Amino acid sequence: MNTEIDTSQLVVKIFEILESVKDPEIPVISIRELGILQQVKIAGATVKVGIIPTYSGCPAMFVITEDIINTLYNNGFNDVKVELLNEPVWNTEMISDSGKKAMKAYGIAPPLSFNEKIISCPQCGSTDTTCISQFGSTACKALYRCENCLEPFDYFKCHA
Amino acid sequence: MEPALYQYLLRLADSSLTMGQRLAEWCGHGPYLEEDVALTNVSLDLIGHAQMFYQIAVEVSGEHKTPDDLAFLRDAHEFRNPLLTELPKGDFAYTTLKQYFVDVFNLHLYQALSKSKHQPLAQAAKKALMEVKYHLTRSQAWCERLSLSTDEAKQRMQQAFDDLWFYTPELFETDEAMLQLADQGLIADYSVLQSYWQQQVSDLISKCQLVVPQSGWLATGGLQGEHSEHLGYMLAEMQFLQRAYPGCEW
Ligand SMILES: [Zn+2]
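Predicted model, so just to flag it, every value in this text is computed and none were measured.

Some remarks on the sheet that holds strand E1 (residues 37-43) of chain A
All names here are of chain A.
Turning to step 1, where the next piece is worked out: Spatially, E1-E2-E3 is the arrangement adopted by the three strands of the open sheet, whose pairing is mixed. Two strands bound the open sheet, and with one partner strand each, they are E1 and strand E3 (80-84). Across the sheet, the axes of successive neighbouring strands diverge by a mean angle of 20°, strand direction being ignored.
Turning to step 2, where the next piece is worked out: Where strand E2 (residues 46-51) and E3 come together, five bridges link them in parallel fashion. Each residue of the ladder has a partner; that of lysine 48, found in E3, is lysine 81.
Turning to step 3, where the next piece is worked out: Helix H2 (residues 60-74) rests against E2 and E3 of the sheet, and its axis sits at about 150° to E2.

Dropping the structure here:
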């Protein structure tokens, strides 16, 4: 029996299981799509999951860690270690295209670039929008208002 | 244990922690809801930066301590932040201008530190830098808005400027140990930081039509652990739980 193949299959399986762990603040996006989930390693009987924080003060990291442990426990893995990695440094480029789509459908304008001034409304698509606050419901988002449909919305700020 | 680097990391961490704690005092007291949320979000970022720097300090020290031990179990004379960051929150103009001074400083500081030869410090600086850019965009916009607004807003901005200006040179104070760290490529060259800072801040001063005060008492002492009485009160509140219930977790 080739244990190396077994291990790599196991890693793939764990990634699949962890697809159900969503960001607590944006529950339509998995932590993999957001770029938080970086690695899964098998060390003996231990599953080591490496994650990186989006924002350095992000309070969701504690919840995410617990969600990972609980999800894997419910799938038969009871020896799980979640490690907070220093590298790579998270940036918004790490958000997958499917993640950005899901974000938009959820009503959050996905990140563009730091100097981007034209943010389109995720509801009606209008570019006639105004920044109300640089910091919205969480540090990673800014608050905007659409001048066309008059809906307020979050913009996921660019970090690169 | 590298004592010089350890002390320097404490300076970084203590500065971010005291700034973050002061901003947290605005929670529920911001001028309006969105701004209240912004102030506390910036606070959270700064406390996150403090945590990263304390973590590196712990690793450098090789002692069995945690970032929480460094934040909650040291007394005022062991803190290394400049006096500017421990000043009370004051009014909104005072908080905003103090934040602006520190944001400009942090921008250039973390740009330089992201090239540090101490890899963990370089990584932490890169991370902090992304967030500081947004802090600065916000604090600068508010400085301009307040300075070019009503007479009362202008007067309060000028008052804040008069009160804070002579605390800013301490941001760039260095000692022999820091100069050696800079020579080794581990930390920033503070004289270079100071020239960048002065350039950028003088642009804002002219844009906002602020009048530079002519003379005043120059703050100093933070680097040696000699602080104003404000820090003691801040720590009394911030550290209360760990002092009253040692090792308490939740
Ligand atoms: Zn709209």
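What follows picks up the thread again.
Describing the coordination of the zinc ion
Residue and element names in this part refer to chain A.
Turning to step 1, where the next piece is worked out: Looking at the zinc ion, the protein donor atoms are Cys121 (SG), Cys124 (SG), Cys146 (SG) and Cys149 (SG), and they sit 2.3 to 2.4 Å from it.
Turning to step 2, where the next piece is worked out: What the four donor atoms of the zinc ion show is an angle range of 104 to 118° at the metal, which sorts the shape as tetrahedral.
Turning to step 3, where the next piece is worked out: Counting residues between consecutive donors of the zinc ion along the chain gives the motif C-x2-C-x21-C-x2-C. Residue cysteine 121 is found in the loop between strand E4 (108-109) and strand E5 (129-133), and its partner cysteine 146 is found in strand E6 (residues 141-146); the two are separated by 25 residues along the sequence.

Some words on the side chain of arginine 22 of chain B
Residues and elements named next belong to chain B.
Turning to step 1, where the next piece is worked out: Residue position: arginine 22 is located in helix H1 (residues 3-24).
Turning to step 2, where the next piece is worked out: Here arginine 22 falls in the buried class, since its relative accessible area comes to 8%.
Turning to step 3, where the next piece is worked out: A distance of 2.7 Å separates the side chain of arginine 22 from the side chain of glutamate 25, its partner in a polar contact.
Turning to step 4, where the next piece is worked out: Polar contacts involving the side chain of arginine 22 include one to the main-chain carbonyl oxygen of leucine 87, which spans 2.9 Å.
Turning to step 5, where the next piece is worked out: The contact partners of arginine 22, leaving out residues within four places of it in the chain, are Thr85, Glu86, Leu87, Pro88, Lys89, Lys98, His230 and Met234.

Describing helix H6 (residues 151-164) of chain B
Residue pairs spaced three or four apart in an α-helix point in one direction, given the helix's 3.6 residues per turn.
Turning to step 1, where the next piece is worked out: With 14 residues, H6 of chain B should reach 20 Å at 1.5 Å per residue; the first-to-last C-alpha distance of 20 Å fits that figure.
Turning to step 2, where the next piece is worked out: Looking at the packing, one finds that the buried side of H6 of chain B touches helix H4 (92-113), helix H5 (119-147) and helix H8 (190-207) of chain B.

Things to note about helix H3 (residues 97-105) of chain A
Residue and element names in this part refer to chain A.
Turning to step 1, where the next piece is worked out: Listed in full, the buried residues belonging to H3 are Gly99, Ala102 and Met103. One face of H3 carries all of its buried residues, which in axial projection span an arc of 105°. Seen from the open side of H3, the exposed residues pointing more than 90 degrees away from its buried face are Asp97, Lys101 and Ala105.
Turning to step 2, where the next piece is worked out: If you follow the buried residues of H3, they end up packed against E4 and strand E7 (152-156).
Turning to step 3, where the next piece is worked out: Residue glycine 107 follows H3 closely and has a positive phi angle near 105°.

A closer look at the environment of isoleucine 17 of chain A
All names here are of chain A.
Turning to step 1, where the next piece is worked out: Structurally, isoleucine 17 can be placed in helix H1 (residues 3-18).
Turning to step 2, where the next piece is worked out: Separated by 40 residues in the primary sequence, isoleucine 17 and glycine 57 have C-alpha atoms spaced 27 Å apart.
Turning to step 3, where the next piece is worked out: Each residue touching isoleucine 17, except ones within four places of it in the same chain, is listed here: Thr71, Leu72, Asn75 and Phe77.

Things to note about the side chain of serine 30 of chain A
Residue and element names in this part refer to chain A.
Turning to step 1, where the next piece is worked out: As for its placement among the helices and strands, serine 30 is situated in the loop between H1 and E1.
Turning to step 2, where the next piece is worked out: Judged by relative accessible area, serine 30 falls into the buried class, the value being 0%.
Turning to step 3, where the next piece is worked out: A distance of 2.9 Å separates the side chain of serine 30 from the side chain of glutamate 19, its partner in a polar contact.
Turning to step 4, where the next piece is worked out: Setting aside residues up to four positions removed in sequence, serine 30 forms contacts with Glu19, Val21 and Lys22.

A short note on the packing of H4 of chain B against H8 of chain B
Residues and elements named next belong to chain B.
Turning to step 1, where the next piece is worked out: At their nearest, the axes of H4 and H8 sit 10 Å apart, and the two run at 140° to each other. Taken together, the axis directions place H4 and H8 in an arrangement best described as oblique. Crossing handedness for the pair H4 and H8: right-handed. Along the contact surface, H4 presents Tyr100, Phe101, Val104, Phe105, Leu107, His108, Leu109 and Ala112, while H8 presents Tyr190, Leu193, Tyr196, Trp197, Gln200, Val201 and Leu204.
Turning to step 2, where the next piece is worked out: In the contact of H4 with H8, the residues fall into 13 nonpolar, two polar and no charged.

A short note on the domain arrangement of chain A
Residues and elements named next belong to chain A.
Turning to step 1, where the next piece is worked out: Partitioning chain A into domains gives domain 1 (3-90) and domain 2 (97-156).
Turning to step 2, where the next piece is worked out: Here the C-alpha centroids of domain 1 and domain 2 sit 28 Å apart.
Turning to step 3, where the next piece is worked out: The interface is formed by nine residues belonging to domain 1 together with 11 residues belonging to domain 2.
Turning to step 4, where the next piece is worked out: Interface area for domain 1 against domain 2, summed over the two sides, is near 840 Å², with a carbon-plus-sulfur share of 77%.
Turning to step 5, where the next piece is worked out: Broken down residue by residue, the surface that domain 1 buries against domain 2 is led by Ile26, Val28 and Tyr55, which jointly contribute 47%.
Turning to step 6, where the next piece is worked out: Inspection of the domain 1/domain 2 interface yields zero salt bridges.
Turning to step 7, where the next piece is worked out: Summed over the shared surface of domain 1 and domain 2, the number is one residue pair in polar contact (both at pLDDT 80 or more).

Details of the nonpolar core
One broad trend across soluble globular proteins is that nonpolar side chains are buried collectively.
Turning to step 1, where the next piece is worked out: Grouped together as the largest cluster of nonpolar side chains are 93 residues, with contacts concentrated most on Leu109 and Leu113 of chain B.
Turning to step 2, where the next piece is worked out: If one sorts the elements of this core by residue count, H4 of chain B sits on top with 13 residues.
Turning to step 3, where the next piece is worked out: Filtering out sequence-adjacent residues up to four positions away, leucine 109 of chain B remains in contact with Tyr8, Leu12, Ala188, Tyr190 and Leu193 of chain B.
Turning to step 4, where the next piece is worked out: Val21, Ile26, Phe77 and Ala102 of chain A belong to the second largest nonpolar core, which has 34 residues in total.

Analysis parameters
Residues numbered from 1 in each chain as written. Chains lettered and ligands numbered in written order. Predicted model: local features only at pLDDT ≥ 70, side-chain atom pairs only at ≥ 80, totals over all residues. Heavy atoms only, no water. Pairing = 2+ DSSP bridges. Helix = DSSP H or I, 4+ residues; strand = E, 2+ residues; numbered from the N terminus. Axes fitted to C-alpha atoms, helices over the stretch in contact; angles between N-to-C directions. Contact = heavy atoms within 4.5 Å. Donors = N, O, S within 2.8 Å, 3.2 Å for Na, K, Ca; no water. Tetrahedral: all angles 85-135°; square planar, octahedral: opposite > 155°, others 65-115°. Buried < 20%, exposed > 50% of the residue type's maximum accessible area, 1.4 Å probe, protein only. Polar contact = N/O pair within 3.5 Å; in protein donor to acceptor, adjacent residues only side chain to side chain. Expected span 1.5 Å × (residues − 1). Arc of directions from axis to C-beta. Parallel < 35°, antiparallel > 145°, perpendicular 65-115°, else oblique. Left-handed = near helix turned anticlockwise from the far one by under 90°. Nonpolar A, V, L, I, M, F, W, Y, C, P; charged D, E, K, R; others polar. Domains from an automatic or database assignment. Buried area = accessible area lost by both parts, 1.4 Å probe. Salt bridge = Lys/Arg side-chain N within 4 Å of Asp/Glu carboxyl O. Core = buried A, V, L, I, M, F, W, Y, C linked by side-chain atoms within 4.5 Å.

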